[in-house]
Amino acid sequence: MTFETLSAEAARLAAAPYAAPPEDLPPALAALDYDGYRAITFRPAESLHLGDHFSAQLFHRGFLQRKRVALYLQPRRGPARPIPYETRLFDLGRRLAGQSFAPDLGFAGFRLHYAFPDMPAWRPKGFQEEFLVFLGASYFRLRAAHQEYGLSARGLAIGTGAPEGEEFPDFVAHWICEPEPEARTLTVLSLLDSPSVAGAFRFAISPGDPARIAVTAALHPRRSIAKLGLAPLTSMFLYGQNGPGARGAKPFDDFRPQVHDSDGLCVAAGADSARVDRIWRPLVNGRKQPQISAFAARPLAGFGLLQRERTFAAYLDVEARHEARPGLWVAPDPAGGAFANGAVQLFEIPSGEEYMDNIVAAFVPAAPAQPGAPLHLTYGLTTVGAEPVPAIPDAALARVTSTRFGSAERLRPITPPSPQRRLCVIDFEGPGLPKSADEAVTAEVSASAGTMHEPVANFVPQTGGWRIYVEWRPPEPMPAGDVVLRARLVRGTTPLSETWDAAL
């Protein structure tokens, strides 16, 4: 199997009526709850060894993972071989102990393990650590060394936020390509299918810190798709530095100061990687209705959902370790045309549950996808931890590190605080900022509604960064939709920071 033959197979599929992947399960597997499914574990001794540095383990079907996914091993030479299901590959746990299932049961997905060069000394020699999971629809999760799983990437998003509901394409088959013995990059070929589109994907996977995936895809629409999300990212934001963030939202009764896998969307535009425009949109939860925001960026240099708050004290969750969760940066190939016309769209869905992924970011082309007109995509995915990082263009631009709002009546407070005077406090950090007070650094601010008063830019010696204070006075009456506030640090007409872009 090669990417070219897989693309031809996707084109053949798209020309035929859609057939959903099998979901039939033996009653014992269909009746499993969350705990029962979690008790099923792959036996490490049965791992599929891939060269000297990689191995794969497989996921059992059951509970929510009902669909059968075909798995193949593609040797370095010769035809691909199906990976057969055998009950002995798994410890089924207490509830299913002693049972066995037919060879045609198949699998739900797989995960990859890697022998990181800098493993702790207490790990056994040759130990391989999990770093990538393909499980459920077209979802996959990637993490760098020393990070925890957090947000997910997807093959495609179709109709996110549309009134008629979202369509979730499936990876229906994967070919795991055997690498050369010493190789530290591994390739996976994946076939995607759904009622609207069939597609071929090639993932060239390079673990490490950061971890990277070079993605190549050929999409063959079955029908017109008005809202096709390319390189989608999916995450969770429950509440952050300023509570849920939406006007009138109720606070969460939780001992943890913050709960989220990502705290903002970053979008970069510019043809020259040495000078780009970047926007930082803090995430919001607690609105009464889902919110869709669009960011036109021409040419698009990249976008990502990031986790910028990276201290334990910000979360106080020993088990979840939100401070160690990765961001993901999407970098389109500038030579490709699929990301040329359109916008990065951010979908924020109200949620009161920590387990719900309520944030989606994807590039949505301006023109609908049409049958008979294949789309060809090439882009990179890179994990992001503490910034600045080379993956995000123009490291000289300072980044937003915190967003806080409060009453502007600090000297003479009233109870309750007046909603007509709100203080915005935005912190920036970056190697290009002055390291002491500099009167030439000023705050450039704007509001889509209401007025901004007395913006001040101050050096913060405690962090080595800079802070903008500005008072926002809402209009009367307030508009029904969100108000967008913007702020950045400048010296004269030269930007020193990315643009803070907050929706209230």
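A brief structural summary. As the structure is a computational prediction, the values presented were derived from the model and not from experiment.

What follows covers the nonpolar core. One finds Leu-112, Phe-203, Leu-219 and Phe-303 to be the most contacted residues of the largest nonpolar core, which totals 84 residues. Counting residues in each nonpolar core, the second largest holds 34 residues, with Cys-266, Trp-329, Ala-398 and Leu-489 among its members.

This paragraph deals with the environment of Val-490. Along the chain, Val-490 falls in strand β32 (residues 484-491). The exposure class of Val-490 is buried, given its relative accessible area of 3%. In this structure, the C-alpha to C-alpha distance between Val-490 and Val-441, residues 49 residues apart in sequence, is 5.7 Å.

In this structure, the largest pocket encloses a volume near 2000 Å³. Forming the boundary of the largest pocket are 50 residues, of which Tyr-34, Gln-65, Val-133, Leu-135 and Arg-141 lie nearest the centre. Breaking the lining of the largest pocket down by element, the ones donating at least two residues are α3 (34-38), β1 (41-42), β3 (54-59), β7 (109-114), β8 (129-135), β9 (139-142) and β12 (170-177). Of the residues contributing to the lining of the largest pocket, the split by class is 26 nonpolar, 10 polar and 14 charged.

With that out of the way, let us pick up empty space enclosed by the protein. For the coordinates displayed, the defined rule picks out three cavities of 30 Å³ or more. In this structure, the largest cavity spans a volume of roughly 270 Å³. Along its surface, the largest cavity is lined by 23 residues, and Gln-241, Asp-263, Pro-282, Leu-283 and Thr-403 are the ones closest to its centre. Secondary-structure elements contributing two or more residues to the lining of the largest cavity are β20 (277-282), β27 (399-407) and β34 (499-503). It is β27 that contributes the most residues to the lining of the largest cavity, five residues altogether. In this model, the second largest cavity occupies a volume close to 60 Å³. Along its surface, the second largest cavity is lined by Arg-278, Arg-308, Glu-387, Pro-388, Val-389, Ile-392, Asp-394, Ala-395, Leu-397 and Arg-399.

So, on to the pattern of salt bridges. Applying the stated rule across the entire model yields 29 salt bridges. Ionic pairing is found between Glu-178 and Arg-76, a salt bridge with its closest N-O pair at 3.5 Å. One end of the pair, Glu-178, is in the loop between β12 and β13 (186-193); the other, Arg-76, is in the loop between β4 (70-74) and β5 (81-82), with 102 residues separating them in the sequence. Judged by its relative accessible area of 28%, Glu-178 is partly exposed. Taking the relative accessible area as the measure of exposure, Arg-76 reaches 33% and is therefore partly exposed.

A separate point is the sheet that holds strand β28 (residues 422-429). Note on sheets: strands pair through backbone hydrogen bonds, and any given pair is parallel or antiparallel. Across the sheet, four strands lie side by side as β27-β28-β31-β30; this open sheet has antiparallel pairing. Lying at the two open borders of the sheet, with one neighbouring strand each, are β27 and β30 (451-460). Sheet twist, expressed as the average angle between the axes of neighbouring strands with direction ignored, equals 20°. The pairing of β30 with strand β31 (residues 465-473) spans eight bridges and is antiparallel. Paired with Phe-459 across the strands is Trp-466, a residue of β31.

What follows is about the pairing of β34. Here β34 lies mainly inside the structure; five of its five residues are buried. The side-chain alternation of β34 yields two buried faces, one formed by Thr-499, Asp-501 and Ala-503 and the other by Trp-500 and Ala-502. Strand direction decides the pairing type here: β20 and β34, joined by two bridges, are parallel. What sits directly across from Ile-279, in β34, is Thr-499. When β32 meets β34, the two strands line up antiparallel, connected through four bridges. Bridge pairing in β34 links Val-484 to Ala-503.

Parameters at a glance
- Residues numbered from 1 in each chain as written.
- Predicted model: local features only at pLDDT ≥ 70, side-chain atom pairs only at ≥ 80, totals over all residues.
- Heavy atoms only, no water.
- Core = buried A, V, L, I, M, F, W, Y, C linked by side-chain atoms within 4.5 Å.
- Buried < 20%, exposed > 50% of the residue type's maximum accessible area, 1.4 Å probe, protein only.
- Helix = DSSP H or I, 4+ residues; strand = E, 2+ residues; numbered from the N terminus.
- 1 Å grid on protein atoms, 1.4 Å probe; cavity = no way out; pocket = protein on both sides within 12 Å on 5 of 7 lines; lining within 4 Å.
- Points joined across faces, edges and corners; volume = space filled by probe spheres on them.
- Nonpolar A, V, L, I, M, F, W, Y, C, P; charged D, E, K, R; others polar.
- Salt bridge = Lys/Arg side-chain N within 4 Å of Asp/Glu carboxyl O.
- Pairing = 2+ DSSP bridges.
- Axes fitted to C-alpha atoms, helices over the stretch in contact; angles between N-to-C directions.

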